[in-house]
Structures are given as C-alpha cells and as structure tokens.
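Spelled out from the first residue to the last, the chains are:
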Amino acid sequence: MEELRSIIRDIPDFPKKGIVFKDITTLLADGKSFHRMIDLIAHRYIGQKIDKIVGVEARGFLLGSALAYKLGVGIVLVRKPGKLPYKTLKKTYDLEYGTDTLEIHEDAFQPGERVLIADDLLATGGTVTAVVELVEELGADLVECAFLAELDFLKGRDRLPENKVFSLLHF
Ligand code: PRP
Ligand code: HPA
C-alpha cells in the first residue's frame, strides 16, 4: 500500500496558488500499480450485490470502468454539462477550486438498483455529494462511494452518509 501511496506525486499551486494537487497520473501510468489499485478496491465488493458502478467524469471513469469490468457489472456515466445525449438530471456544486455542474441520464437506473459510486479522489466532498443526490433522486440505492485517495484534512466524508465511504489511501 505504501508503494501505491508514494507513486502519487504532489504538485504545489495547481490549479490555483495554495492548493497542493495530488497527481495520480503517475500511478495510472504504472501498469503494476494500476492493476493492484483496482484489485484492492474490487476485493472489498466481490460477493456484494452491486448492479451498477457510477463513474464520475473524468478521472472517475478510469477507476469506474476497470472496477465495473472486474465486478462484471455495467457503468453509468456522470458527466460535465452538455455531453450526455439523452434527457438528464443536473446538479451544480462547489469544488475546492470553483463550481461545476454534473449530469446523469434520467433513465440510468431501475428502481432500487444497488449502485457503487467510483471516483479517484475525495477532497471537499462537493462532487460526490452531488453524485449521491443524483443517484438517490433517480431511485437507486447507494452501496458506497469508493475512492483511490482521500484528503482527510478537508473532511469530505463528513458531508456523506455515514459508513458509505471507502478510500484505499489517505493523505
Ligand atoms: C476532481 C476529482 C474529484 C473531485 C474531488 O475532479 O477527480 O471528482 O475533483 O473534489 P471535491 O471532493 O472537492 O469535490 P475534477 O472536477 O477536477 O475533474 P476531472 O476528473 O475531470 O479532472
Ligand atoms: N488532486 C486531485 N484531484 C483533486 C484534488 C487534488 O488535490 N483536489 C480536488 N480534486
């Protein structure tokens, strides 16, 4: 685990002065590390009833699609505005460095489907809170939100339903 942690690099003052950005591209580019990360996260969910993964644009797609493949389930895309072709439900939310809007197709789930949200990083929790709201408003049942890494000092998990957050690495 320490190996995975140490391959993520810090980029000071990105995308704004004062933010130390955790750059996961170094982990993604290393085949062994990418494989290990997916196996370790998937291990937690093998044997649980999960109907769909929800992947959050853009880095969440990388984690989400590999997890969906490993678990043998489908993936639903949560995207930045104007990218999804069918009717969508939208949420605007605050980021650590600005605001953004996310969308999901309104027919993404059957009622009561069990959903695992996947993203690379939990920072303030603004993004994933919006995704949880989208998932719940469409009648799906949230299993958990899974992250590669969590920035503990930003306390994003306090904004999320209790016991519904799993992060492989903590900073
Ligand atoms: C990043 C990251 C998470 C989110 C975490 O995405 O991938 O989705 O921010 O921050 P939060 O917990 O404070 O909301 P970003 O919006 O930078 O998009 P990207 O994946 O397209 O680079
Ligand atoms: N690293 C990567 N993604 C992020 C960060 C970060 O530090 N903060 C918000 N999204």
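Residues numbered from 1 in each chain as written. Chains lettered and ligands numbered in written order. Predicted model: local features only at pLDDT ≥ 70, side-chain atom pairs only at ≥ 80, totals over all residues.

Going by the annotation in an unreviewed UniProt entry, the name recorded for the chain is Adenine phosphoribosyltransferase, with Desulfuromonas acetoxidans given as the source organism. Taken verbatim from the UniProt record of the chain, the Function (unreviewed entry) comment is "Catalyzes a salvage reaction resulting in the formation of AMP, that is energically less costly than de novo synthesis." (UniProt positions renumbered as here; feature names shortened; annotations may be inferred.)

Enquirer: Is there a simple way to think about the site of ligand 1 in this case?
Expert: For ligand 1, the set of nearby residues contains 18 residues, the closest of which are A58, A123, T124, G126 and T127. Taken together, the elements giving at least two residues each to the shell around ligand 1 come down to α4 (59–71), β7 (114–122) and α5 (126–137). Residues of the shell around ligand 1, tallied by class, amount to 6 nonpolar, 6 polar and 6 charged. (Near = placed C-beta within 6 Å. Helix = DSSP H or I, 4+ residues; strand = E, 2+ residues; numbered from the N terminus. Nonpolar A, V, L, I, M, F, W, Y, C, P; charged D, E, K, R; others polar.)

Enquirer: So what exactly am I meant to see when it comes to the environment of A42 here?
Expert: Position of A42 relative to the elements: it lies in helix α3 (residues 31–45). Residue classification places A42 among the partly exposed positions, given that 16 C-beta atoms sit within 10 Å. In sequence terms A42 and E162 are 120 residues apart; their C-alpha atoms lie 21 Å from each other. Not counting residues up to four positions away in its chain, the partners in contact with A42 are L67, K70 and L71. (Buried ≥ 20, exposed ≤ 12 C-beta atoms within 10 Å, placed from the backbone. Contact = placed C-beta atoms within 7 Å.)

Enquirer: I keep staring at the packing of α3 against α4 and nothing clicks. Help me out?
Expert: Each pair of packed helices gets described by two things: the angle between the helix axes and the distance between those axes. Packing of α3 against α4 brings their axes to within 10 Å, and their N-to-C directions diverge by 55°. Relative to α4, α3 is oriented oblique. At the point where α3 passes α4, the crossing takes the right-handed sense. Here I38, I41, A42 and Y45 of α3 come into contact with α4, specifically with A66, L67, K70 and L71. Looking at the contact of α3 with α4, its residues break down into 7 nonpolar, no polar and 1 charged. (Axes fitted to C-alpha atoms, helices over the stretch in contact; angles between N-to-C directions. Parallel < 35°, antiparallel > 145°, perpendicular 65-115°, else oblique. Left-handed = near helix turned anticlockwise from the far one by under 90°.)

Enquirer: Please explain the sheet that holds strand β4 (residues 74–78) as it appears in this structure.
Expert: Pairing within the open sheet is parallel, and its 5 strands lie in the order β4-β3-β7-β8-β9. The open sheet has two free edges, formed respectively by β4 and β9 (165–170), since each of these has just one partner strand. Taking the axes of each pair of neighbouring strands and ignoring which way they run, one obtains an average angle of 20° across the sheet. Where β7 and strand β8 (residues 141–150) come together, 8 bridges link them in parallel fashion. In the strand pairing of β8, L121 is matched with A149. (Pairing = 2+ DSSP bridges.)

Enquirer: Just checking my understanding: could you explain the confidence of the model for the chain for this structure?
Expert: Do not read the fine detail of predicted coordinates wherever pLDDT is low. Overall, the prediction assigns the chain a mean pLDDT of 96, with 99% of residues at 70 or greater. Here the predicted complex scores 0.96 on pTM and 0.95 on ipTM. (pLDDT = per-residue confidence, 0-100.)

Enquirer: Just to check I follow, could you spell out the nonpolar core for this structure?
Expert: Across soluble globular proteins, you tend to see nonpolar side chains buried next to one another. One finds V54, V115, I117, A118, V131 and V135 to be the most contacted residues of the largest nonpolar core, which totals 41 residues. Secondary structure elements with two or more residues in this core: α3, β3 (52–56), α4, β4, β6 (98–105), β7, α5 and β8. For I117, the residues in contact, after removing those within four places along its chain, are V54, V128, V131, V132, V135, C145 and A146. (Core = buried A, V, L, I, M, F, W, Y, C linked by C-beta atoms within 7 Å.)

Enquirer: In this structure, what is going on with unusual backbone geometry? I would like to understand it.
Expert: Residues apart from glycine generally show negative phi values, whereas peptide bonds are mostly found in trans. Residue F14 is joined to P15 through a cis peptide bond whose omega torsion reads -5°. Checked against the element boundaries, P15 lands in the loop between β1 (9–12) and β2 (20–23). In this model, D13 sits at a positive phi of 60°, which is unusual for a non-glycine residue. With respect to the helices, strands and loops of the structure, D13 is situated in the loop between β1 and β2. Look at D13 and you get exposed, because 10 C-beta atoms sit within 10 Å. Unlike most non-glycine residues, N163 shows phi in positive territory, near 60°. The topology assignment puts N163 in the loop between β8 and β9.

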